[in-house]
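# Coordinate analysis (summary)
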Amino acid sequence: MKVPDEFRLRVEQQRNYLLRYARLQLRDRDLAEDVVQDTLLAALGGEASFAGRSNLRTWLTGILKHKIIDAIRRARRDSAVSLDAQDDAADVQELFDGRGHWADRPRSWDHPEAALEQAQFFAVLETCLAQLPVNTARAFMMREHMGLETEDICKELGITPTNCWVMLYRARMALRLCLEGRWFGAQEPPRR
Amino acid sequence: MKLMLTCREVTRLVSQGLDRDLGFGERVALRVHFAVCRGCGTFNRQMNFLRDAVKRLGDAEHSPES
C-alpha cells in the first residue's frame, strides 16, 4: 500500500522528538534509533488507525512506548539486569547523620509551579535524568513517565519489588539534589 | 511499624508511598513525623512535585519541535 506523501512527511517530522524520548527512556543511542525506526514503520503502515485522532505526536508516542518496553524486555533476556546500587549507598547515606536526621534540612523550593511553565526547567530535568545510572533511569521512567505499576516494572526488569523500590528511591533522592543544585538553588530561575 | 521514624526512614517510606499502598500504621507514622518535622514535610512536597514534573516531561508545549 502506498503511503500518501503528506502523511509520511508529518510522521517523519516527529522523528527527532521520538528519538529524544526514546533516548531518555532507554539511555542507549543505538537501541533508541532502532525503536524509533520500528515505530515510524509501524506508523506508516497504520495510517488507517490514526485517522480521526487529533494529535499525531501523542499517537506516535503511544506506539513508541510499546516498542520501548519490548526493547527493554529483549535486552533483559540477553543479560540479567544488574542492580545499579544498594539502598545504603554513600550518596543517600551522606544526606543523614548517624541518627538518621537530615544533615542538611530540606528547604522549600521557590515557585515550583512556575518552573513547570518553563522549557528551561524541563531541559534541566532531562540533564538530571541523564546522570542517573542506566537501570535506575529506566525503572524510574517506566514508573513516572510511562505510569507502569511497580509490579510490572519488576517483571520487565526481572528484579524483586524491594529492589525496584530501592532503585526508585535512589532515583528520586538523586533527582531532588540535582534539581536543587541546578534550578532551585542559589540563583533566581530565569523568568520570561 | 514503630511510631517514631527517623528522617531517613521517612524519606524511604515517602518514596514507597508513590509506588505502593502504604499500610495504616505506616501512614500514621508518617503523619506523626510530619507534625514535628518541617524538613520531611518539605521533602514530601518536593517528591510530589517531582512526580508532576516528570509526568509533564515531553508534553507538546515544552518541546522545541512543536
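Parameters at a glance
Counting restarts for each chain: residues are numbered from 1 in the order of the written sequence. Each chain takes a letter, starting from A, and each ligand takes a number, starting from 1, following the order in which they are written. With pLDDT at 70 or above as the cut-off, local features in this predicted model cover only qualifying residues; side-chain atom pairs require 80 or more to be listed or tallied, and sums for whole chains, interfaces and linings still use all residues. Segments assigned H or I by DSSP are reported as helices when at least four residues long, segments assigned E as strands when at least two residues long, and all are numbered from the N terminus. Working definition of burial: number of other C-beta atoms within 10 Å of the residue's own, with buried at 20 or more, exposed at 12 or fewer, and partly exposed in between, all C-beta atoms being placed from the backbone. A pair of residues counts as a contact when their C-beta atoms, built from backbone coordinates, are within 7 Å of each other. Where each domain starts and ends comes from a domain assignment, either automatic or drawn from a database. Axes here refer to lines fitted to C-alpha atoms; in helices the fit is confined to the stretch in contact. Angles between the N-to-C directions go from 0 to 180 degrees. Handedness of a helix crossing follows the sense of rotation of the near helix relative to the far helix, less than a right angle counterclockwise being left-handed and clockwise being right-handed. Gly counts as polar in this scheme, as do all residues outside two lists: the nonpolar Ala, Val, Leu, Ile, Met, Phe, Trp, Tyr, Cys and Pro, and the charged Asp, Glu, Lys and Arg. By definition, pLDDT measures how confident the predictor is in each residue, and it falls between 0 and 100. Given a helix with a known number of residues, its expected span is that number minus one, times 1.5 Å. As used here, the arc belongs to the directions running from the helix axis to the C-beta atoms.

### So, the overall build of chain B
Helix and strand content of chain B: 3 helices and 0 strands. Beginning at the N terminus, the succession of helices and strands in chain B can be written as α-α-α. Among the 66 residues that make up chain B, the fraction classed as buried is 24%. Contacts spanning at least 24 positions in sequence make up 58% of the contacts within chain B whose residues lie at least 6 apart.

### A look at the overall build of chain A
Helices and strands together make up the secondary structure of chain A, namely 11 helices and 0 strands. For chain A, the sequential pattern of α-helices and β-strands runs α-α-α-α-α-α-α-α-α-α-α. The buried share of chain A, reckoned over its 192 residues, is 30%. Counting only contacts in chain A whose residues sit at least 6 apart along the sequence, the fraction spanning at least 24 positions is 69%.

### Examining the domain arrangement of chain A
Residues and elements named next belong to chain A. Domain parsing of chain A yields domain 1 (5-78) and domain 2 (90-182). Distance between the C-alpha centres of domain 1 and domain 2: 25 Å. Each partner contributes residues to the interface: domain 1 has 8 residues there, and domain 2 has 10 residues. Among the secondary structure elements, those contributing two or more residues to the side of domain 1 that touches domain 2 are α2 (15-26) and α5 (56-78). Per-element tally for the side of domain 1 that touches domain 2: the top contributor is α5, with 5 residues.

### Looking at unusual backbone geometry
All names here are of chain A. Phi at R27 takes a positive value of approximately 60 degrees, unusual for a residue other than glycine. Residue R27 is classed as partly exposed on the basis of its 19 C-beta neighbours within 10 Å. Even without glycine at this site, H111 takes up a positive phi of about 45 degrees. Within the element layout of this structure, H111 appears in the loop between α6 (90-93) and α7 (112-115).

### What about the environment of A:L132?
Residues and elements named next belong to chain A. Along the chain, L132 falls in the loop between α8 (119-130) and α9 (134-144). Among the residues examined, L132 registers 21 C-beta atoms within 10 Å and is labelled buried. Sequence spacing of L132 and R27 is 105 residues, and the spatial spacing of their C-alpha atoms is 9.7 Å. Other than its neighbours up to four places away in sequence, L132 contacts A137, F140, A171 and A174.

### Thoughts on the packing of α9(A) against helix α10 (residues 150-157) of chain A
Residues and elements named next belong to chain A. Their axes nearest at 9 Å, the elements α9 and α10 cross at an angle of 145 degrees. Helix-helix and strand crossings are classified by hand; for α9 and α10 the assignment is right-handed. Residue-level inspection shows N135, A139, M142 and R143 of α9 in contact with α10, the latter providing T150, I153, E156 and L157. Across the contact of α9 with α10, the residue classes break down as 4 nonpolar, 2 polar and 2 charged.

### Observations concerning the confidence of the model for chain B
The predicted structure's coordinates, where accompanied by low pLDDT, should not be read in detail. Residue and element names in this part refer to chain B. Overall, the prediction assigns chain B a mean pLDDT of 88, with 85% of residues at 70 or greater. Segment residues 61-66 is flagged for pLDDT under 50; beyond a separation of four residues in sequence, or across chains, it makes 8 contacts in the model. The ipTM, which scores confidence in the relative placement of chains, is 0.90 for this predicted complex, and the corresponding pTM is 0.82.

### Comments concerning the interface of chain A and chain B
Each partner contributes to the interface: chain A provides 30 residues, whereas chain B provides 29 residues. Listing elements by their share of the side of chain A that touches chain B, those giving two or more residues are α2, α8, α9 and α11 (161-182) of chain A. When its residues are assigned to classes, the side of chain A that touches chain B shows 16 nonpolar, 6 polar and 8 charged.

### Digging into helix α3 (residues 38-56) of chain B
Residue and element names in this part refer to chain B. The end-to-end C-alpha distance of α3, which contains 19 residues, comes to 27 Å, matching closely the 27 Å that a straight helix rising 1.5 Å per residue would cover. Here α3 has its buried residues at C40, F43, N44, Q46, L50 and V54. Angular distribution of buried residues about the axis of α3 spans 165 degrees; they occupy a single face of the element. Positive phi shows up at G58, right after α3, with a value of about 85 degrees.

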